[in-house]
Amino acid sequence: MTTLVVGASGATGRLLVEELLARGEQVKIIVRCADNLPDTLKQNDRLMITEFSLLDMTDTELLEQVQGCSAVVSCLGHNLTLKGMFGHPRRLVTDAVQRLCSAIEKTAPAVHVKFILMNTSGNQNTRAGEKVSAAQSFIVGLIRFLLPPHADNELAAEYLQLSFDDNQKLIEWVAVRPDSLIEQESVTEYNAYASPIRSAIFDAGKTSRINVAHFMSELVTNSGTWNKWKRQMPVIYNT
Ligand SMILES: NC(=O)c1ccc[n+]([C@@H]2O[C@H](COP(=O)([O-])OP(=O)(O)OC[C@H]3O[C@@H](n4cnc5c(N)ncnc54)[C@H](OP(=O)(O)O)[C@@H]3O)[C@@H](O)[C@H]2O)c1
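What you see is a predicted model, and the numbers here were worked out from it, not measured in a lab.

J.: Mind showing me how you'd approach the packing of aromatic side chains here?
T.: Two measures describe an aromatic ring pair: the distance that separates the ring centres and the angle between the ring planes. All told, the structure shown has four aromatic pairs when counted by the stated rule. Here tyrosine 159 and phenylalanine 164 contribute two aromatic rings whose centre-to-centre distance is 5.8 Å and whose plane-to-plane angle is 85°, an arrangement assigned as edge-to-face. For the pair shown, tyrosine 159 and phenylalanine 164 are each scored as buried. Ring geometry for tyrosine 190 and phenylalanine 215: centres 6.2 Å apart, planes at 80°, overall edge-to-face.

This is the structure we're talking about:
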């Protein structure tokens, strides 16, 4: 099985690539620059690296990338610089998700392709009936207005929800929502919930990136985990 990972040079993306390779999967990645990837990754024969700026790829190039992949994972995120937060592309994640999904649709896969989006616990899943306090709603509204990356994350998840319901057979998706991301060396116990169990603004929990990578790998490789969470937005917290 081959998985395409975008955002693979990022802090979570590279952990995901390592975990998928450790599970014996074939992995393709599209990165702007491979220089900072560890040699152990670059030397792995089951990893195919394309160095290119994702949104500058033509539709045909994107179609070639997704062709034959059983899963596509986005760990994209805006870089935490002024340009990354407020410059272009403002809709990095949404545009990438939309273009990758349209490329998948054009390949007319015989079996649905899994699409996994790294999202955020700050994104309220209103379609699942999630409610937040008036204070949280106000603060998130301000964040949405002031910080384009938050609106981008919300739009990307909404696109998947609205475009790929259970009436179509080409793409199934999961939007994984970690709480505050932290670094840890190894996988620890974590739990996934259909909706947040604490306030993402006033009482945020912790989620280590390596646990996010582990959960996403489970979604890719374990059909039980996939069937449990498909078309949902699980929130994960370290235990
Ligand atoms: N921070 C938190 O507490 C938190 C909590 C929950 C969810 N999240 C979300 O989790 C996601 C990933 O987080 P992370 O910390 O693992 O991300 P990260 O380390 O910042 O990695 C971001 C990735 O996106 C790529 N990227 C950025 N701008 C790009 C562009 N214009 N074109 C192509 N690729 C581009 C980066 O590539 P380069 O290496 O080439 O720059 C990198 O691979 C983000 O969407 C974030 O909003 C964050």
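J.: What exactly am I supposed to notice about the environment of asparagine 153 here?
T.: Tracing the backbone through its elements, the reader meets asparagine 153 in helix 7 (residues 148–163). Spatially, the C-alpha atom of asparagine 153 lies 6.0 Å from that of asparagine 119, the residues being 34 residues apart in sequence. Those residues in contact with asparagine 153 that lie beyond four places of it in its chain are Val93, Met118, Asn119, Thr120 and Asn123.

J.: Sorry, what's going on with the site of the ligand here?
T.: In the vicinity of the ligand there are 21 residues, among which Ser9, Ala11, Thr12, Arg32 and Arg209 approach most closely. Within the side chain of threonine 12, a nitrogen or oxygen atom sits 2.6 Å from an oxygen atom of the ligand. Here an oxygen atom of the ligand sits 3.0 Å away from a polar atom, N or O, in the side chain of asparagine 153. Burial of the ligand by the surrounding chains reaches 77%, relative to a free accessible area of 930 Å². Judged by its atoms lying within 2 Å of the grid points, the ligand is housed in the largest pocket. By residue class, the composition of the shell around the ligand is eight nonpolar, ten polar and three charged.

J.: How do you make sense of a nonpolar patch on the surface when you look at a structure like this?
T.: Judged by side-chain polarity, Phe138, Leu142, Phe145 and Leu146 come together as a nonpolar surface patch covering roughly 480 Å² of accessible area. Taking the relative accessible area as the measure of exposure, phenylalanine 145 reaches 70% and is therefore exposed.

J.: Can you walk me through the packing of helix 6 (residues 134–146) against helix 7 in this structure?
T.: Helix-helix packing: each pair is described by the crossing angle between the helix axes and the interaxial distance. Running from N to C, helix 6 and helix 7 cross one another at 105°; their axes reach a closest spacing of 5 Å. Viewed along their axes, helix 6 and helix 7 adopt a mutual orientation that is roughly perpendicular. When helix 6 is examined against helix 7, the residues Val140, Ile143, Arg144 and Leu146 are found in contact with a partner set consisting of Pro148, His150, Ala151 and Glu154. Across the contact of helix 6 with helix 7, the residue classes tally to five nonpolar, one polar and two charged.

What counts as what
Think of each chain on its own: its residues are numbered from 1, step by step along the sequence as written. Thresholds applied to this predicted model are a pLDDT of at least 70 for local features of residues and 80 or more for the giving and counting of side-chain atom pairs; totals over whole chains, interfaces and linings are not thresholded and use all residues. Computation of side-chain values covers all heavy atoms of the structure but excludes hydrogens and water. Between rings of Phe, Tyr and Trp, where Trp is taken as its six-membered ring, a pair exists when centres lie within 6.5 Å; planes separated by under 30 degrees are stacked, by over 60 edge-to-face, and by other angles tilted. Residue burial is assigned from relative accessible area. The probe radius is 1.4 Å, only protein chains are included, and a residue is buried under 20% of its type maximum, exposed over 50%, and partly exposed in between. Only DSSP runs of H or I with at least four residues qualify as helices, and only runs of E with at least two residues qualify as strands; both kinds are numbered from the N terminus onward. It only takes one pair of heavy atoms within 4.5 Å for two residues to be counted as in contact. Only a single heavy atom is needed: when it lies within 4 Å of a molecule or strand, its residue is near that molecule or strand. Here a polar contact means two N or O atoms within 3.5 Å. Within protein one must be a hydrogen donor candidate and the other an acceptor candidate, and residues neighboring in sequence count only if both atoms are side-chain atoms. Accessible surface area values rest on a Shrake-Rupley calculation with a 1.4 Å probe, where residue burial reflects the displayed protein chains alone. Put plainly, a pocket is an open set of points on a 1 Å grid over the protein atoms alone with protein on both sides within 12 Å along at least five of seven lines, a cavity is a set where a 1.4 Å probe fits but cannot get out, and a lining residue has an atom within 4 Å of a point. Molecules are considered to sit inside a cavity or pocket once more than half of their atoms lie within 2 Å of its grid points. Residues are sorted three ways: Asp, Glu, Lys and Arg are charged, Ala, Val, Leu, Ile, Met, Phe, Trp, Tyr, Cys and Pro are nonpolar, and all the rest, Gly among them, are polar. Patch membership requires more than 30% relative accessible area and the absence of a salt bridge. Residues of like charge join within 9 Å; the nonpolar side chains Val, Leu, Ile, Met, Phe, Trp and Tyr join within 5 Å. Criterion for a salt bridge: a side-chain nitrogen of Lys or Arg within 4 Å of a carboxyl oxygen of Asp or Glu. Whenever a helix is involved, its axis is fitted only over the stretch in contact; in every case the axis is a line through C-alpha atoms, and angles between N-to-C directions fall within 0 to 180 degrees. By definition in this entry, angles of less than 35 degrees are roughly parallel, angles greater than 145 are roughly antiparallel, angles of 65 to 115 are roughly perpendicular, and the rest are oblique.

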